[in-house]
Amino acid sequence: GGAGVLAADRLGVVRRLLRAGGTAIIGLFAGRYLQGDIRRPALLLATGVLASATLAMATASTLLGLALAWTVAGLALLSLLGTYRGLPAADEGVRRTRRAFLVADGALWAAVIVAEIAWGGIDLRTLGADAATLTGDQVATTTVATLLVVAAIGRSALLPLGDWLPATLAAPTPVSALLHAGVVNAGGVLLVTMSPVFGASTVATAIAFTAGAATAVHATAVMLTKSDIKGALAHSTAGQMGFMVMTCGLGLYAAAIFHLVAHGMYKAALFLGSGGALDRGRRHEE
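So, a few notes on the structure that sits alongside this text. (Residues numbered from 1 in each chain as written. Predicted model: local features only at pLDDT ≥ 70, side-chain atom pairs only at ≥ 80, totals over all residues. Heavy atoms only, no water.)

### A short note on the overall build of the chain
Just so we agree on the cut-off: A run of DSSP states H or I qualifies as a helix once it reaches four residues; a run of E qualifies as a strand once it reaches two. Both are numbered from the N-terminal end. As a reference, a globule follows 2.2 Å times the number of residues to the power 0.38, and the radius of gyration itself is taken over C-alpha atoms. Exposure is judged per residue with a 1.4 Å probe applied to protein chains only, and the accessible area is read against the type maximum: over 50% gives exposed, under 20% gives buried, and values in between give partly exposed. For the area figures, the Shrake-Rupley method with a 1.4 Å probe applies, and any residue is considered shielded solely by the protein chains shown.
Helix and strand content of the chain: twelve helices and zero strands. Taking 286 residues into account, the globule formula puts the C-alpha radius of gyration at 19 Å, and the chain, at 19 Å, falls close to it. By its C-alpha atoms, the chain is 65 × 40 × 30 Å across when sized along the principal axes. For the chain, the residues scored as buried account for 50% of the 286 residues in total. Carbon together with sulfur atoms contributes 67% to the accessible area of the chain, which is approximately 12,500 Å² in total.

### Brief notes about the packing of helix H3 (residues 63-81) against helix H7 (residues 173-181)
Two numbers describe a pair of packed helices, the interaxial angle and the distance between the axes. As a reminder, the rule being used: Axis lines are fitted through C-alpha atoms, for helices just across the contact stretch, and the angle between N-to-C directions can take any value from 0 to 180 degrees. Angles are sorted into four bins: roughly parallel if under 35 degrees, roughly antiparallel if over 145, roughly perpendicular if 65 to 115, and oblique for all others. Handedness of a helix crossing follows the sense of rotation of the near helix relative to the far helix, less than a right angle counterclockwise being left-handed and clockwise being right-handed. Whether two residues are in contact is decided by their heavy atoms, any of which lying within 4.5 Å being enough.
Packing of H3 against H7 brings their axes to within 10 Å, and their N-to-C directions diverge by 150°. Between H3 and H7, the angle falls in the class roughly antiparallel. Seen from above, H3 lies across H7 with left-handed handedness. Along the contact surface, H3 presents Leu77, Leu80 and Leu81, while H7 presents Val175, Leu178 and Leu179.

### A look at unusual backbone geometry
Omega for the peptide link from Leu159 to Pro160 comes to 5°, which places this bond in the cis form. In this structure, Pro160 sits in the loop between helix H6 (138-155) and H7. Of note in the backbone geometry, Ala157 takes a positive phi value of approximately 60° without being a glycine. Here Ala157 is to be found in the loop between H6 and H7. Of the residues examined, Ala157 reaches a relative accessible area of 2% and is grouped as buried.

### Details of the packing of aromatic side chains
Worth spelling out the cut-off: Aromatic rings from Phe, Tyr and Trp, taking only the six-membered ring of Trp, are treated as a pair when their centres fall within 6.5 Å; an angle between ring planes under 30 degrees marks them as stacked, one over 60 as edge-to-face, and anything in between as tilted. Distance and angle both matter: a charge sits over a ring if NZ of Lys or CZ of Arg is within 6 Å of the ring centre and within 35 degrees of the ring normal.
Inspection of every chain in the model, using the stated rule, returns one aromatic pair. An angle of 75° between the planes, with centres 5.1 Å apart, marks the rings of Phe101 and Trp164 as edge-to-face. Here Trp164 lies in the loop between H6 and H7 and Phe101 lies in helix H4 (residues 88-119), a separation of 63 residues in the sequence. The two residues Phe101 and Trp164 agree in class, both being buried. We note Arg155 situated over the ring of Phe101; from NZ or CZ to the ring centre the distance is 4.3 Å.

### Some thoughts on the environment of Ala104
Looking at the element boundaries, Ala104 is found in helix H4. Once residues within four sequence positions are removed from consideration, Ala104 is found in contact with Val150, Ala151, Gly154 and Arg155.

### Describing helix H8 (residues 186-193)
The buried count for H8 comes to eight of eight residues, which makes it a mostly enclosed element. Those residues of H8 that sit buried are Ala186, Gly187, Gly188, Val189, Leu190, Leu191, Val192 and Thr193.

### Thoughts on the pattern of salt bridges
Put simply, the rule reads: Salt-bridge detection follows one rule: a side-chain nitrogen of Lys or Arg within 4 Å of a carboxyl oxygen of Asp or Glu.
One pass over the structure, following the stated rule, counts five salt bridges. In this structure, Arg99 engages Asp163 in a salt bridge whose closest nitrogen and oxygen atoms are separated by 2.7 Å. Placement of the pair is Arg99 in helix H4 and Asp163 in the loop between H6 and H7, with a sequence separation of 64 residues. Exposure remark for Arg99: the relative accessible area of 40% places this residue in the partly exposed category. Each of Glu92, Arg95 and Arg96 takes part in salt bridges that share partners, so that together they form one network.

Structural data, given as structure tokens:
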């Protein structure tokens, strides 16, 4: 209905199918992966919260609702990354992620506040039709669009806020699969969802293109030097996120969504299959 807080458009349906299907498969894997581990119930609960929050992001009808779901998803991810609290590598990953998310979430909430003051909020269901009116205020448009890019850079692990993603490797493999298959895509999804406002600012699109291109080159080069499989996959994801945000900066939103879906599926498969690949490699060597 017109007053609903949740709505589904074509983009939302695609994201919900990807998230629901991926979470179901990863959840089944996690249940077996942590069989007998006392942390298993807490991990499955946090996984459910994360899945619910990301589904809410996909169907939010307002920018305010999207920001609320975005923050809840970030908190759930931090809980999952802290599954092995007390392990120095895990604690460092949580610390770096929290720092980057504070910047990203702060930028998104600042964008919400500016939008509320300037336009009385943003209804995502009618954003395309309202774009001409909203973007008439160039100062507000540039401010909101730039803040959205900062939020995307932080959540999608782009330079200069990308050091948190490679630091999360101490998390259980199912958590890594969830993170790399869906959560880290949030920056690109945000820019596509807000494309009528984001695309109207040359400053914001230039920043997105520059950060995306720099990250794609840098992270891919680092990936080629990594000998550990999860380290290589983590930097591969950062490079892919850079490429996705770069395409958003060029206005190629359909390509960004195609890339998001394809990357989510194959990167989840690579993480879930990494243990089996290592085991086969060891047996081959023996």
